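# Close look at the chain arrangement
The primary structure of each chain is shown beneath.
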Amino acid sequence: EAAVTQSPRNKVTVTGGNVTLSCRQTNSHNYMYWYRQDTGHGLRLIHYSYGAGNLQIGDVPDGYKATRTTQEDFFLLLELASPSQTSLYFCASSGGGQDTQYFGPGTRLLVL
Amino acid sequence: KTQVEQSPQSLVVRQGENCVLQCNYSVTPDNHLRWFKQDTGKGLVSLTVLVHENDKTSNGRYSATLDKDAKHSTLHITATLLDDTATYICVVGDRGSALGRLHFGAGTQLIVIP
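So, a few notes on the structure that sits alongside this text. The shown structure was predicted, so the numbers you read here are calculated from the model rather than taken from an experiment. (Residues numbered from 1 in each chain as written. Chains lettered and ligands numbered in written order. Predicted model: local features only at pLDDT ≥ 70, side-chain atom pairs only at ≥ 80, totals over all residues. Heavy atoms only, no water.)

When its secondary structure is counted, chain A shows zero helices and 11 strands. Mapped in sequence order, the helices and strands of chain A form the string β-β-β-β-β-β-β-β-β-β-β. The C-alpha radius of gyration of chain A comes to 13 Å, within 12% of the 13 Å expected for a compact globule of 112 residues. Each principal axis of the C-alpha atoms in chain A carries an extent, and together these give about 35 × 30 × 25 Å. Residues counted as buried form 48% of the 112 residues belonging to chain A. Long-range pairs, those at least 24 residues apart, make up 54% of the contacts in chain A with a sequence separation of at least 6. (Helix = DSSP H or I, 4+ residues; strand = E, 2+ residues; numbered from the N terminus. Rg over C-alpha atoms; globule rule 2.2 N^0.38 Å. Buried < 20%, exposed > 50% of the residue type's maximum accessible area, 1.4 Å probe, protein only. Contact = heavy atoms within 4.5 Å.)

For chain B, the count of helices and strands is zero helices and 11 strands. Across chain B, helices and strands are ordered from the amino to the carboxyl terminus as β-β-β-β-β-β-β-β-β-β-β. Structurally, chain B occupies a C-alpha span of about 45 × 30 × 20 Å along its principal axes. For chain B, contacts bridging at least 24 residues in sequence account for 55% of all contacts bridging at least 6.

Going through the model one piece at a time under the given rule, you end up with one cavity of 30 Å³ or more. Its volume calculated, the largest cavity comes out at about 200 Å³. Along the walls of the largest cavity sit 23 residues, with Tyr33, Gly97 and Gln101 of chain A together with Gly100 and Leu102 of chain B positioned nearest its centre. Mapped by element, the contributors of at least two residues to the lining of the largest cavity are strand S4 (31–37) and strand S5 (44–49) of chain A together with strand S4 (32–38) and strand S9 (86–93) of chain B. With three residues, S4 of chain B is the single largest residue contributor to the lining of the largest cavity. (1 Å grid on protein atoms, 1.4 Å probe; cavity = no way out; pocket = protein on both sides within 12 Å on 5 of 7 lines; lining within 4 Å. Points joined across faces, edges and corners; volume = space filled by probe spheres on them.)

On to the sheet that holds strand S1 (residues 4–7) of chain A, then. Sheets are built from strands that pair by backbone hydrogen bonding, the pairs being arranged parallel or antiparallel. Residues and elements named next belong to chain A. Read from one edge to the other, the open sheet built from four strands follows the order S1-S3-S8-S7, with strand pairing classed as antiparallel. Across the chains shown, the open sheet's two edge strands, defined by having one partner strand only, are S1 and strand S7 (65–68). The average angle at which neighbouring strand axes cross in this sheet is 15°, direction not considered. Alignment of S7 against strand S8 (residues 73–78), held across four bridges, turns out to be antiparallel. If you follow Thr67 over to S8, its bridge partner there is Phe75. (Pairing = 2+ DSSP bridges. Axes fitted to C-alpha atoms, helices over the stretch in contact; angles between N-to-C directions.)

Residue and element names in this part refer to chain A. Within this structure, the stated rule accounts for two disulfides over all chains. Covalent S-S linkage joins Cys23 and Cys91, the inter-sulfur distance amounting to 1.9 Å. The S-S bond linking Cys23 to Cys91 shows a torsion near -75°; that makes this disulfide left-handed. With Cys23 in strand S3 (residues 19–25) and Cys91 in strand S9 (residues 87–94), this pair connects stretches of sequence that are 68 residues apart. This pair shows no difference in class: Cys23 is buried, exactly as Cys91 is. (Disulfide = S-S within 2.5 Å.)

Moving on, we come to the interface of chain A and chain B. Size of an interface, as often reported, equals the accessible area lost when the parts are brought together. Taken together, the 23 residues of chain A in the interface contact 21 residues of chain B. Note on chain A versus chain B: buried area summed over both sides is about 1,600 Å², and carbon and sulfur give 52% of it. Applying the counting criterion to the chain A and chain B interface returns one salt bridge. For the salt bridge of Arg101 of chain B with Asp59 of chain A, the shortest nitrogen-to-oxygen distance reads 2.4 Å. Between chain A and chain B we count three residue pairs in polar contact (both at pLDDT 80 or more) in total. Listed by contribution, the elements that provide at least two residues to the side of chain A that touches chain B are S4 and S5 of chain A. (Buried area = accessible area lost by both parts, 1.4 Å probe. Salt bridge = Lys/Arg side-chain N within 4 Å of Asp/Glu carboxyl O. Polar contact = N/O pair within 3.5 Å; in protein donor to acceptor, adjacent residues only side chain to side chain.)

This next bit is on the pattern of salt bridges. In this structure the tally under the stated criterion is eight salt bridges over all chains. Ionic pairing is found between Arg36 of chain A and Asp38 of chain A, a salt bridge with its closest N-O pair at 2.9 Å. As far as the burial class goes, Arg36 of chain A and Asp38 of chain A line up, both buried. Of the charged contacts, one joins Arg61 of chain B and Asp84 of chain B as a salt bridge, the two residues approaching to 2.7 Å between their closest N and O atoms. In this pair, Arg61 of chain B is assigned in the loop between strand S6 (56–59) and strand S7 (62–67) and Asp84 of chain B in the loop between strand S8 (72–77) and S9, connecting sequence segments 23 residues apart.

Have a look at this one:
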């Protein structure tokens, strides 16, 4: 079964802080995704990638950067964190198409 | 505008009872629909995927239907267990390729009590 890990699991920062969320998948999937999950909303896509060096903009990209350094590793960067970015962040990977996405355990971010 | 609506928002049932969760959507095109289970504080785990008009699937105590004409899906859970307590999320994929996007519902929170 696909394994997707995220770190840190919990993070607290202050407004204007710099945060990097990490994601690693070990199932040789080409596609990786970053989502945020907020109460009352479905998961919303921030950025995604088709492979190392590739980056695609999702539906809610403002305030976020991402980088796919290898097939396994996908990072989400918040360079000037704001309280509106307080959320639960999920990373996922898949083989694409109708293949299911495999989700990591999530990172809970609090921006004070 | 929300394209995937789930109901009820929350549901409490007694262990052993059956329950039905609803998903209505307006996503077009609607290539496939997947139900996920999300335990509290954890990631989403796929339960089943429906692809064709009038598809029906079964996965143990979980069964699902899809009516593409009505853009409607149901998830049935039979003989609920305490471990079924979770949020169930309906997701519609608008294409069967990597170019497609997934559209997530906000979920139904199911609580199973003894």
